[in-house]
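Chain and residue survey
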Amino acid sequence: MSTLEIKDLHASVILDDETTKPILKGVNLTINSGEVHAIMGPNGSGKSTLASTIAGHPKYQVDSGSVTLDGQDVLAMSVDERARAGLFLAMQYPVEIPGVTTSNFLRSAKTAVDGEAPSLRTWTKDVRAAMEKLKIDTDMLLRNVNEGFSGGEKKRHEILQLEILKPKIALLDETDSGLDVDALKIVSEGVNRALEQDNTGIMLITHYTRILRYIKPQFVHVFSDGRVVDQGGPELAEQLENEGYDRYVQAAAK
Amino acid sequence: MSTTDQTARDTQDTSEEVGGVPTGEDRVAIPGMSQEGETLQEGRNQAGEPEIRHTQHGDISGVPDSSRAGRFTSYDVADFPPLTSTLEDWRFTPLKRLRGLDDAALDGPAPAVSVTGGDAVEVTSVPRDDARIGSAGIPEDRVSANAWSSFREATVISIPRDAEVQEPLIVTFTGESDRPAAQHVVIDAGENSRALVVLRHVGTAVLSQNVEFSVSDGASLTVVSLQEWTDDSVHASSQQARLGKDATFKHVLVSLGGDLVRVTPSTRFTATGGDVAMYGLTFVDEGQHLESRLFVDHSVPRCKSRVNYKSALQGENAHGVWVGDVLIRAEAEGTDTYELNRNLILNDGPRMDSVPNLEIETGLIAGAGHASTTGQLDDEHLYYLMSRGIPEDQARRLVVRGFLFEIIQQVGVEALEEQLRASLEDELARTES
Ligand SMILES: Nc1ncnc2c1ncn2[C@@H]1O[C@H](COP(=O)(O)OP(=O)(O)O)[C@@H](O)[C@H]1O
Ligand SMILES: [Mg+2]
């Protein structure tokens, strides 16, 4: 049983001219193993900033607050240490990495996270089986990471990594965006497998309620202007579906 | 527009990348970087005018024309002016570190030649008056001419006509002296032959070397020139190729070891249908000067050239130089050429000079372009890899390997590619420790 605890987190984006712009304005959130927390909010409300700050993206700076995983100070860790501690971020826009094959990448990541090379005997078989479940062509293994992948392939590749790396807590940043219904179902099944088989705790960042038909959250948090402004159970998502974010955006503007 | 204006404009176009790239903050990230350069179609620039371009040169006495078209050549070292850093050809080279290759009597022992593989290939040592010597080129600089004046015997590697050489021929040059020496090598590929020759330079040497590649009609020759000298070695190598009708030549230059290594590969066409691909990979460590200056002389119609050089640089006073001169003469209609140079600077300290020069004297070409980029590793690439638990040093190595291995893949012989990958791993391990 693991716990990710975010307390009064304030963070800024570092702009190209080195100035900073505050985005997160006091986020409080606790995620335990096996729980699904939907983070819903309008575009620009800071959802990706929250995910990237937890993952340690160099463009974001923590101004105050804390993030701990099972009591360990996440903010003191380097990006790779955070991943090895059991955090995973499925990115909204995964980058293409020329010259690094997906096969080599997956093996390197698995070795790093587990602290030992995966069993030669089962590794290839396991990866192929995981790819098959996500309906990913195994040719992807020979292609460079994300290079020339379609939007859907990139998202499936993120979920493939989730299933292979088996993190304690996964942050999924708009994994649903740009997917058609079939792809959305396939990707959701992958997330549900991680929940059931690995008891992963999930932060499911989304703008739309569509994915919540396939991945059932126990908790729904409404995010606006850099903080959680409302929370509740699945019924809150339904309410958002009907009413939209207007109420919260107007409240934040006041 | 006058020629002078055009030169100025061209110089400006690529000024971000050429002439000494700073190692400051404003470098472009690469790969996946923004890319300077231009692709000209049918010899037209964006204004629709034919592109005519002359390269800027220092004032070289005795040289009739400042463009590469008029580059002076001679077998006699005395015909070349003494080297100074004002000479265009030498402006990036630390002349003091040449250890006399330009001036001294080159009477040290030349690296020993040993040969393995290459069934059907004949390797002989011949005297200076052998007819094959001089078949592919005349020295274009003083250091090359000094070697030409000094060598005693030449190594001739002869691939019989119609021979299909299956096994790569590995020629190892083992240096065992730091006294300035001269060496001459001729590779003569007979008509319609196919072969792959590896020139592997190891040990310690202070060497000026002329290597000639005579690629006869219909022949296909691949040459891999590998510089793996000790850190105190100095090596200047003029590697000149002459291609016959429908000949194919692939040249892969890999410079890893040496204090100063300056390789000047050039390709000339004598008939239509010639096809040259020139690849380069350099890994420049602390204190090293690794320079590649290539020249492709399109002087006949309907030939093709592709150039792709990459380098990685790391450490204080690591200095890489790439100069790519491509000349399309007036008579070379239907030419198709593209040259690319990409450089990855791994930390603060190295300096890279990258100068693409494309001179076009005819509007009737199939295509011509060049690009040059110098930048650092992309933070977003490192972040993505690290966010999957991969430690930073390993993430950097993955990306650098990926960047450089593209060139190694051009060799096309698995056993050799594996050796090269291993050599590169040594370099990477060395620069990280
Ligand atoms: N690199 C950046 N440069 C400038 N502004 C940024 C940058 N990253 C995020 N922002 C700003 O931060 C705010 C939150 O963005 P983001 O976290 O991406 O929101 P969301 O994921 O909820 O759409 C937005 O106003 C956005 O414009
Ligand atoms: Mg976002």
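Residues numbered from 1 in each chain as written. Chains lettered and ligands numbered in written order. Predicted model: local features only at pLDDT ≥ 70, side-chain atom pairs only at ≥ 80, totals over all residues. Heavy atoms only, no water.

1. Notes on helix 6 (residues 181-198) of chain A
Residues and elements named next belong to chain A. Look at helix 6: 25 Å from first C-alpha to last across 18 residues, which is about the 26 Å you get at 1.5 Å a residue. Here helix 6 has its buried residues at Ala183, Leu184, Ile186, Val187, Ser188, Gly190, Val191, Asn192, Arg193, Ala194 and Leu195. Where the residues of helix 6 are buried, they touch strand 3 (36-40), helix 4 (120-133), helix 5 (151-165), strand 7 (169-173) and strand 8 (201-206). (Helix = DSSP H or I, 4+ residues; strand = E, 2+ residues; numbered from the N terminus. Expected span 1.5 Å × (residues − 1). Buried < 20%, exposed > 50% of the residue type's maximum accessible area, 1.4 Å probe, protein only. Contact = heavy atoms within 4.5 Å.)

2. What to know about the site of ligand 1
Residue and element names in this part refer to chain A. Around ligand 1 there are 13 residues in total, and Ile23, Gly44, Lys47, Ser48 and Thr49 lie nearest to it. Separating an oxygen atom of ligand 1 from a backbone N or O atom of Ser45 is a distance of 3.2 Å. Ser48 has a polar backbone atom sitting 2.8 Å from an oxygen atom of ligand 1. For ligand 1, the protein covers 65% of the area, taking 560 Å² as the surface of the free molecule. Contributing elements (two or more residues each) for the shell around ligand 1: strand 2 (20-32) and helix 1 (47-55). Looking at the shell around ligand 1, the element that brings in the most residues is helix 1, giving three residues. (Near = heavy atom within 4 Å. Polar contact = N/O pair within 3.5 Å; in protein donor to acceptor, adjacent residues only side chain to side chain. Areas by Shrake-Rupley, 256 points an atom, 1.4 Å probe, with all protein chains shown as cover.)

3. Digging into the domain arrangement of chain B
Residue and element names in this part refer to chain B. Each assigned domain of chain B is listed with its residue range as follows: domain 1 (95-376) and domain 2 (378-428). A straight line from the C-alpha centre of domain 1 to that of domain 2 covers 25 Å. Taken together, the contact pairs 24 residues of domain 1 with 17 residues of domain 2. Here domain 1 packs against domain 2, burying approximately 1,900 Å² in sum over the two surfaces, 71% of which is carbon and sulfur. (Domains from an automatic or database assignment. Buried area = accessible area lost by both parts, 1.4 Å probe.)

4. Here we look at the environment of Pro58 of chain A
Tracing the backbone through its elements, the reader meets Pro58 of chain A in the loop between helix 1 and strand 4 (60-69). As a C-alpha pair, Pro58 of chain A and Ser78 of chain A span 20 residues in sequence and 9.8 Å in three-dimensional space. The contact partners of Pro58 of chain A, leaving out residues within four places of it in the chain, are Ile14 of chain A together with Tyr383 of chain B.

5. Topic: the sheet that holds strand 3 of chain A
All names here are of chain A. As summarised here, the arrangement of the six strands in space is 6-7-8-3-9-10, forming an open sheet in which the pairing is mixed. With one partner strand each, in any of the chains shown, strand 6 (87-90) and strand 10 (227-232) form the two edges of the open sheet. Here the strands of the sheet are splayed against their neighbours by 20 degrees on average, with no regard to which way each runs. As paired elements, strand 3 and strand 9 (residues 219-224) share four bridges and run parallel to each other. Residue pairing for strand 9: Met40 is matched across the bridge by Val222. (Pairing = 2+ DSSP bridges. Axes fitted to C-alpha atoms, helices over the stretch in contact; angles between N-to-C directions.)

6. Structural notes on the packing of helix 5 of chain A against helix 6 of chain A
Axes are the key here: two packed helices are described by the angle between their axes and the distance separating the axes. Residue and element names in this part refer to chain A. For the pair helix 5 and helix 6, interaxial distance at closest approach is 9 Å and the crossing angle is 15 degrees. Considering the angle they form, helix 5 stands roughly parallel to helix 6. As for the relative orientation of helix 5 and helix 6, their crossing is left-handed in sense. Between helix 5, through Arg156, Ile159, Leu162 and Glu163, and helix 6, the contact on the second element is made entirely by Ala183, Ile186, Val187, Gly190, Val191, Arg193 and Ala194. Taken together, the residues that form the contact of helix 5 with helix 6 break down as seven nonpolar, one polar and three charged. (Parallel < 35°, antiparallel > 145°, perpendicular 65-115°, else oblique. Left-handed = near helix turned anticlockwise from the far one by under 90°. Nonpolar A, V, L, I, M, F, W, Y, C, P; charged D, E, K, R; others polar.)

7. Re the coordination of the magnesium ion (ligand 2)
Octahedral six-donor coordination of a metal ideally yields angles of 90 or 180 degrees, compared with 109.5 degrees for tetrahedral four-donor coordination. Taken together, Ser48 of chain A (OG) and Gln92 of chain A (OE1) make up the protein donors of the magnesium ion (ligand 2), found 2.1 to 2.3 Å from the metal. In this pair, Ser48 of chain A sits in helix 1 while Gln92 of chain A sits in the loop between strand 6 and helix 3 (102-114), placing the two residues 44 residues apart along the sequence. (Donors = N, O, S within 2.8 Å, 3.2 Å for Na, K, Ca; no water.)

8. Description of the packing of helix 3 of chain A against helix 5 of chain A
Residues and elements named next belong to chain A. Here helix 3 crosses helix 5 at 35 degrees, and the two axes come no closer than 10 Å. The chirality of how helix 3 crosses helix 5 is right-handed. Of helix 5, the residues touching helix 3 (which contributes Thr102, Phe105, Leu106, Ala109, Lys110 and Val113) are His157, Leu160, Gln161, Ile164 and Leu165. The residue inventory of the contact of helix 3 with helix 5, partitioned by class, reads seven nonpolar, three polar and one charged.

9. Observations regarding empty space enclosed by the protein
Residues and elements named next belong to chain B. Tallied over the full model, the rule gives five cavities of 30 Å³ or more. Size it by volume and the second largest cavity reaches roughly 110 Å³. Arg68, Arg71, Glu140, Asp141 and Thr264 are, among the 15 residues lining the second largest cavity, the residues nearest its centre. Elements supplying a minimum of two residues to the lining of the second largest cavity: strand 9 (234-243), strand 11 (260-269) and strand 13 (289-298). Residue composition of the lining of the second largest cavity, by class: three nonpolar, five polar and seven charged. (1 Å grid on protein atoms, 1.4 Å probe; cavity = no way out; pocket = protein on both sides within 12 Å on 5 of 7 lines; lining within 4 Å. Points joined across faces, edges and corners; volume = space filled by probe spheres on them.)

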